[in-house]
Amino acid sequence: MDRRKYLKTLAVGSLGASALIACEPGTKETPKAPASFTIDRTKEELIREAKLVSETFFDEHEMKTISILTDIIIPKDGTSGSATDAKVPDFIEFIVKDMPRHQTPMRGGLKWLDIHCLKRFNADFASCSSSQQIEMVDNIAYPEKAKPELQQGVAFFNLMRDLTACGFFHQ
Amino acid sequence: MPDFQIKKTAKDYDVCIVGSGAGGGMAAYVLANAGIKVVLLEAGPLYDPAKNVTQLKWPWESPRRGASTPLRHFGDFDAAYGGWELDGEPYTHKDGTKFDWFRSRMLGGRTNHWGRISLRFGPKDFKRRSIDGLGDDWPISYEDVAPYYDKIDQLIGVFGSKENLPNDPDSIFLPPPKPRLHELFIKEAGGKLNIPVIPSRLSILTKPINKDRGACFYCSQCNRGCTVYGDFSSSSVLVKPALNTGNVDVIPNAMAREVITDTQGKATGISFVNKDDMQEYTVNAKVVMLAASACESARLLLNSKSSLFPNGLGNSSGVVGKYLHDSTGASMGGILPKLIGRKRYNEDGVGGMHVYTPWWLDNKKLDFARGYHIEYYGGMGMPGYGFGFGMQGTNGKYPGRDGTQKEAGGYGASLKDDYRYFYGATFGMSGRGEAIAREDNYCEIDPTTVDKFGIPVLRFHYKWSDQEVKQAKHMKETFAEIIDTMGGVVTWGKSSAENDYGLEAPGRIIHEVGTTRMGSDPKKSVVNKFNQAHDCKNLFVVDGGPFVSQADKNPTWTILALSMRASEFIIDELKKQNI
């Protein structure tokens, strides 16, 4: 609706209506948005967005591990760049804050992966050699042939695969 | 104690309308164009799809790639604010029953979120009791409503095809878009199974109809609201031109509390809380029209108690809130191997299906009383949040681009290519059926709970009957048959008796109607055949509340038609000084 038209139609000289105009959203102080939004956001949404970006969920080590995993899942090819080229790790950091249901499966899954690598290679996943990392991933990337005792790792890798692809194919 | 006084808006109006969705928007449009002074109360903010834009935005412009949030349930790009839960505005349930209530408080209301499916009710839909002995007949017939359907078709625009079906009357149609590849396969399967698959009937302009609205340019994004007003929403197609007459004032963020009545029992206006300053206001009018949505209008009436109306206004029958019914819903989807790895081209169309299936069977030969229609979807759309999820369930089932069968799941360049290869081969379908209106499915005032404005909230009691469960079973059997005949494979939506064949919880289809039902007998109904309260001559309800039965159609076109009809009746009665 044409905002000026709306104000004009309401400005009928009534005290009550004037009081309403003064309180019409938009005349109030707008909360600071995290970035400039190019899509429609309500006042409540801007407050929520600002809160989300002010928080940090993953620590440095977790982000490093996530970056390695996303590039294993979506590497650069002849058509396009890799997952980290498309800033997929940043998307994953955001989405677990936006959707708290992913937080425990992600944090716990990363821990599961590190503990598993420590037992096997005496190093956390990020500190393993590339070939050790691939050896580990091969054990959890194929749900139908993975060993039963690695099913928690399979579930984690399925989630990583989903979030990586989803983040990547939107860039 | 803060300064607490009720402020009166200085101007008096002919008509006060509560709610700016399909019913309220249409009433404002008709009345304002007849020179009647209208005040339109809307519980949410102003909204204009040309200014509050999400259309034609790229997925990355949403940090969550279009996913749902608690503040915008149908996703970041959807036009509709709100969702199944609103902060500080609860609703409750009785006896462990389930009902989900979608609320979108904004100019245009829930017309900002729907598939633009614009179906007329048919002659049988007004006379169901006479046909199957269940529920009640409407006090009006198709012939009473048909002239208004005609006017709405021309005012708003709807595309479709002339089919001459007995209970799915043709509208005055704009040309329909052509079916797309997945829809052609569905149509082909329908032909083999004797299931009709015909052009859909959506209120989207495939041709321009006036100078204020542009024609559809086929971006497939009607749910985002249209910057050229190429589809119908109440805000752009009804409220905006109503405002242009100069006869309408809109008060946004005005949450109605009660209908005010005088000692003679006439409605004199509405009291409301302004959500911005949390102050109390009243606005006076000669006529009050409720169009706040079926349940919200029932809530308003039940909360409008006085010595004359101890059970709530318009409720001497005790029927307000009862006979609540929502459409049934069940869905199934799959993958069509012959669409895998196909050529890339722009497959966008209108914002929704290009074909659908109207109810085609005779219930006398079935074990349930009412029918359903089928909506279809699929093909190559813009990826959104969830794109690529569950690839391990697909890429091990079909040979890949090189013709060899791979191990499910995986990673790396080969996985990356799988996302491209399988893109655009999935499709699905949903049934939307008629539930039977029953007295023991209802909403009432929760005796102990209020919302953040201090307004007593609704408590729901709703159970599906065997009729609806058997209908859902039939839907699922039909869907599986269609998918199989197409050569597709079902990947989701298989269900069984344990989960009522995937029948959605009541409320989920957002077609809830019936809470202020229409009838000739004031003891058994709330409003008469002109949507006028039996108990209060200058009070009207023009949302889905007056529906006696909902039909296997979406309710919007009938809400619009009945609101237009009631508004013309009001103009006439005001002229005669009857109200």
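In case you missed it, the structure is sitting above this.
Let me sum up the structure you'll find in this document. (Residues numbered from 1 in each chain as written. Chains lettered and ligands numbered in written order. Predicted model: local features only at pLDDT ≥ 70, side-chain atom pairs only at ≥ 80, totals over all residues. Heavy atoms only, no water.)

### Topic: the overall build of chain A
Then, number 1: Assigned secondary structure in chain A consists of 8 helices and 0 strands.
Then, number 2: Ordering the α and β elements of chain A from the N terminus gives α-α-α-α-α-α-α-α.
Then, number 3: Relative to its full complement of 171 residues, chain A shows a buried share of 48%.
Then, number 4: For chain A, restricting intrachain contacts to residue pairs at least 6 apart in sequence, the fraction spanning at least 24 positions comes to 55%.
Then, number 5: As presented, chain A carries roughly 8,400 Å² of accessible surface, and 54% of it is formed by carbon and sulfur atoms. (Helix = DSSP H or I, 4+ residues; strand = E, 2+ residues; numbered from the N terminus. Buried < 20%, exposed > 50% of the residue type's maximum accessible area, 1.4 Å probe, protein only. Contact = heavy atoms within 4.5 Å. Areas by Shrake-Rupley, 256 points an atom, 1.4 Å probe, with all protein chains shown as cover.)

### A word on the sheet that holds strand β5 (residues 198-199) of chain B
Residue and element names in this part refer to chain B.
Then, number 1: What the 6 strands build is an open sheet, ordered β5-β11-β12-β13-β10-β16; its pairing is antiparallel. Because the sheet does not close on itself, it has two edges, and the strands there are β5 and β16 (489-492).
Then, number 2: Bridge count between strand β10 (residues 328-335) and β16: 3 bridges; the pairing is antiparallel. Bridging from a neighbouring strand, Ile 335 pairs with Val 489 of β16. (Pairing = 2+ DSSP bridges.)

### As for a nonpolar patch on the surface
Then, number 1: Side chains of Trp 58, Trp 60 and Met 382 of chain B sit close together on the surface and give an oily, nonpolar patch of about 340 Å² of accessible area.
Then, number 2: Here Trp 60 of chain B shows up in the loop between β3 (38-41) and β4 (92-93). (Patch = residues over 30% accessible without salt bridge, like charges linked within 9 Å, V, L, I, M, F, W, Y side chains within 5 Å. Salt bridge = Lys/Arg side-chain N within 4 Å of Asp/Glu carboxyl O.)

### Points about the packing of aromatic side chains
Then, number 1: Here the structure, examined in full by the defined rule, presents 33 aromatic pairs over all chains.
Then, number 2: Where Phe 169 of chain A meets Phe 387 of chain B, the ring centres are 5.6 Å apart and the plane angle is 55 degrees; that geometry is what we call tilted. In this pair, Phe 169 of chain A is assigned in the segment after α8 (151-168) and Phe 387 of chain B in the loop between β12 (372-378) and α7 (412-422), connecting two distinct chains. Judged on exposure class, the residue Phe 169 of chain A and its partner Phe 387 of chain B are both buried.
Then, number 3: Between Phe 121 of chain B and Phe 547 of chain B, the ring centres sit 5.6 Å apart and the planes meet at 90 degrees, which makes this aromatic pair edge-to-face. With a gap of 426 residues between them, Phe 121 of chain B in the loop between β4 and α2 (128-132) and Phe 547 of chain B in the loop between β17 (539-541) and α9 (556-575) connect regions that are remote in the sequence.
Then, number 4: Exposure remark for Phe 547 of chain B: the relative accessible area of 1% places this residue in the buried category. (Phe/Tyr/Trp six-rings, centres within 6.5 Å; stacked < 30°, edge-to-face > 60°.)

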